[in-house]
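Summary of structural features
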Amino acid sequence: MVLYGLFPGYTRISSPFGKRHAPTGGASSYHYGCDIPAPQGTKLIAIHDGEITFLNFLGAGGYTLTLSFDNYKVSYCHIDPHFLVSVGDFVKQGQIIALVGPRNVYGVPGNFYKDEKGNPTNGATTGSHLHIGFRINNEYQNPMNFF
Ligand SMILES: [Zn+2]
């Protein structure tokens, strides 16, 4: 699989998998994934051949894409709302499937995540980054154990 689902150059993890102090209101104190800071617009690639099985706004994850293959599900959170693929698409490893999203997004019904100025955010986020979640048989695992 391709490291972290990002193009080379973005490998710093700002928040690892596991217990943590919630960095922003509404963020979980148990972190079911890894955070990798990257500028808005950074290309996100499929870490494996698979099917796009979810693509929508999802609470704390903000705009989220899920790539499924075998019994794995890989979630890319806080992505750009201008989607590059659709649910049901089959993608190839290395294909660009999304872009790192902006911190702020507007007009999402039911999004109660906000920054310090009260502007709505792309889920629970303090800045542009990829949150990558990794499930095997629907159980969250530390992605770093597999990449
Ligand atoms: Zn995260």
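Here the structure is a predicted model, which means the values were calculated and not measured.

1. Some words on the packing of aromatic side chains
Throughout the structure, instances matching the rule amount to eight aromatic pairs. Between Tyr30 and Tyr32, the ring centres sit 4.9 Å apart and the planes meet at 50 degrees, which makes this aromatic pair tilted. Assessed through its relative accessible area of 40%, Tyr32 is described here as partly exposed. Geometrically, the ring pair formed by Phe57 and Tyr63 is edge-to-face, given 5.0 Å between the ring centres and 90 degrees between the ring planes. With respect to burial, Phe57 and Tyr63 carry one shared label: buried. Here the aromatic residues Phe17, Tyr30, Tyr32 and Tyr140 are joined through ring pairs into a cluster of three or more.

2. Examining the pattern of salt bridges
Inspection of every chain in the model, using the stated rule, returns three salt bridges. Residue Arg20 is joined to Asp35 by a salt bridge in which the shortest nitrogen-to-oxygen separation is 3.8 Å. In this pair, Arg20 sits in the loop between β1 (18-19) and β2 (30-31) while Asp35 sits in strand β3 (residues 34-37), placing the two residues 15 residues apart along the sequence. Of the two residues, Arg20 and Asp35, neither departs from the other in class, the shared state being buried. With a closest N to O distance of 3.7 Å, Asp49 and Lys92 form a salt bridge. Pair noted here: Asp49 is in the loop between β4 (43-45) and β5 (50-57) and Lys92 is in the loop between β8 (90-91) and β9 (96-99), with a separation of 43 residues, a long-range link. Given a relative accessible area of 34%, Asp49 falls into the partly exposed group.

3. Considerations on a nonpolar patch on the surface
A cluster of nonpolar side chains, contributed by Tyr30, Tyr32 and Tyr140, occupies part of the molecular surface with about 290 Å² of accessible area. As for its placement among the helices and strands, Tyr32 is situated in the loop between β2 and β3.

4. Overview of unusual backbone geometry
A positive phi is found at His78, a non-glycine position, where the angle reads about 65 degrees. Take His78: it is sitting in the loop between β7 (72-77) and β8. A residue is classified by how much of its surface remains accessible, and His78, at 5% relative accessible area, is buried. Despite not being glycine, Asn138 has its phi angle at roughly 70 degrees, a positive value.

Rules of the game
- Residues numbered from 1 in each chain as written.
- Predicted model: local features only at pLDDT ≥ 70, side-chain atom pairs only at ≥ 80, totals over all residues.
- Heavy atoms only, no water.
- Phe/Tyr/Trp six-rings, centres within 6.5 Å; stacked < 30°, edge-to-face > 60°.
- Buried < 20%, exposed > 50% of the residue type's maximum accessible area, 1.4 Å probe, protein only.
- Salt bridge = Lys/Arg side-chain N within 4 Å of Asp/Glu carboxyl O.
- Helix = DSSP H or I, 4+ residues; strand = E, 2+ residues; numbered from the N terminus.
- Patch = residues over 30% accessible without salt bridge, like charges linked within 9 Å, V, L, I, M, F, W, Y side chains within 5 Å.
- Areas by Shrake-Rupley, 256 points an atom, 1.4 Å probe, with all protein chains shown as cover.

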